[in-house]
Amino acid sequence: MVGVARRWVFPIIRLVLVAVLAAALAKLAFFPDASSRADPATPTGEITEPMVPASLGTITNDVKLKGRVVADPAVPIRSTVAGTIDKVRVAVGQSVKAGDTVYDIKVETPRDPIQTTAPDGSISMTERKPAVTFVAVTAPIGGVVSSLTVISGQSVAIGDAAGQVAPPTFSATGSLSPEQQYRLLNKPTDAQVAITGGPAPFTCTGLTITTPLAGAGESASPGGGTASTGAGGAGETTVRCAVPATVTVFAGLATDITIAGGKAENVVVVPTTAVEGAAQAGTVWVQGADGKPAKKNVTLGLTDGKNIQITSGLAEGDMVRQFVPGAPATQQGAGCMKQPDGSTMCGAAG
């Protein structure tokens, strides 16, 4: 009996099991359940527009720039009268104070001749020597005489530059983009400066924001046009502030300049990605009654680059679209998609 089972029963059972397994695999491979087949023409996800609420927050409008330390420009020494150099009283490299005499100019003023009448009634004219005066040309500022191009006996005219005085002071300077200028409409007067590898951060005063005027550095050409005398092209806007005399610096040092453009606390804010516009007036998109996006005009205040203040047009809790419709993916950041199970998945935009 045992021999029969080993010879016939067990082999038959194995054959039956193999046949059932092969049939099941064939069914899965070639005859799937129609109810679980996905239609490739039917999307399995749904794009949603993420919404964010207008909320209360604090905006600290600090504009940060990369800059450097520069020596303040030298001031020219100019002749104030026409005449002849009489005596040069300083040399290049010498320290001077504002008002110190740099050189004297000898000025000869012609005088009318003297008329005399002889006993016989004849009239004669006697020439007189010119009146001689000496005018001192002084240093315009305190510093070091960096150049001096006049010698005794040289003739000079009014306004001639005879040399320069380099001040012992320094400034921090950096370039300002047009977008950053919108953030500094309140015209701050100082900045915080940190020097790489230098002293502790300090306050830099006398802040100026300068943009070269159109035509600056150009002179009129004979044909009636203009001829460039500089590098050409539109000049960039620069910020400059004075380094305190108590701070030891050197020209060329790298700096981080932070300009405080204002602070607004407990104000309505939204992400900058939700607003079209960055200064004064803008537009946000809210959900319309028909489910489509609807424009809404808002008035803008301060921004820190990530969030922006809404001074009018929205109230706390109002929902707006997180991204401006049609904005490039690089501006929108992460996109969101609703999955078939109802969840929402967000990923980095390409």
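Details of the structure are given in the entry above.
Residues numbered from 1 in each chain as written. Predicted model: local features only at pLDDT ≥ 70, side-chain atom pairs only at ≥ 80, totals over all residues. Heavy atoms only, no water.

Here's the deal with the pattern of salt bridges
When the charged atoms of two side chains with opposite charge come close together, those side chains can pair.
Move 1: Tallied over the full model, the rule gives five salt bridges.
Move 2: For Asp256, the salt bridge is made with Lys66, and the minimal N-O distance between the two is 2.7 Å. Of the two residues, Asp256 sits in strand 20 (residues 254-271) while Lys66 sits in strand 3 (residues 55-71), which places them 190 residues apart along the sequence.
Move 3: Exposure remark for Asp256: the relative accessible area of 29% places this residue in the partly exposed category.
Move 4: Using a relative accessible area of 66% as the deciding quantity, one classes Lys66 as exposed.
Move 5: Where Lys106 meets Glu108, a salt bridge forms, and the shortest distance between an N and an O atom there is 3.6 Å. (Salt bridge = Lys/Arg side-chain N within 4 Å of Asp/Glu carboxyl O. Helix = DSSP H or I, 4+ residues; strand = E, 2+ residues; numbered from the N terminus. Buried < 20%, exposed > 50% of the residue type's maximum accessible area, 1.4 Å probe, protein only.)

Observations concerning the sheet that holds strand 5 (residues 83-88)
Move 1: Strand order in the open sheet made by the four strands is 10-7-5-12, with antiparallel pairing throughout. Both outer strands of the open sheet, strand 10 (131-138) and strand 12 (155-156), are each paired with one neighbouring strand and no more.
Move 2: As paired elements, strand 7 (residues 101-109) and strand 10 share eight bridges and run antiparallel to each other. Across the sheet, residue Glu108 finds its bridge partner in strand 10, namely Val132. (Pairing = 2+ DSSP bridges.)

Considering unusual backbone geometry
Move 1: Although it is not a glycine, Lys187 adopts a positive phi angle of roughly 55°.
Move 2: Checked against the element boundaries, Lys187 lands in the loop between helix 2 (178-182) and strand 15 (190-195).
Move 3: If you check the backbone angles, Asn266 has positive phi at about 55° while not being a glycine.
Move 4: Secondary-structure assignment places Asn266 in strand 20.

Examining the state of the cysteines
Move 1: In this structure the tally under the stated criterion is one disulfide.
Move 2: Disulfide pairing places Cys204 opposite Cys241 at an S-S distance of 2.1 Å. Between Cys204 and Cys241, the disulfide has an S-S torsion of 110° and is therefore right-handed. Taken together, the residues Cys204 in strand 16 (residues 202-210) and Cys241 in strand 19 (residues 237-242) connect sequence positions 37 residues apart.
Move 3: For Cys241, a relative accessible area of 2% translates into the label buried. (Disulfide = S-S within 2.5 Å.)

Comments concerning the environment of Ile105
Move 1: Tracing the chain through its elements places Ile105 in strand 7.
Move 2: You can call Ile105 buried: its relative accessible area is 0%.
Move 3: Not counting residues up to four positions away in its chain, the partners in contact with Ile105 are Ser79, Val81, Ala82, Gly83, Thr84, Ile85, Asp86, Thr133, Phe134, Val135, Val137 and Val156. (Contact = heavy atoms within 4.5 Å.)

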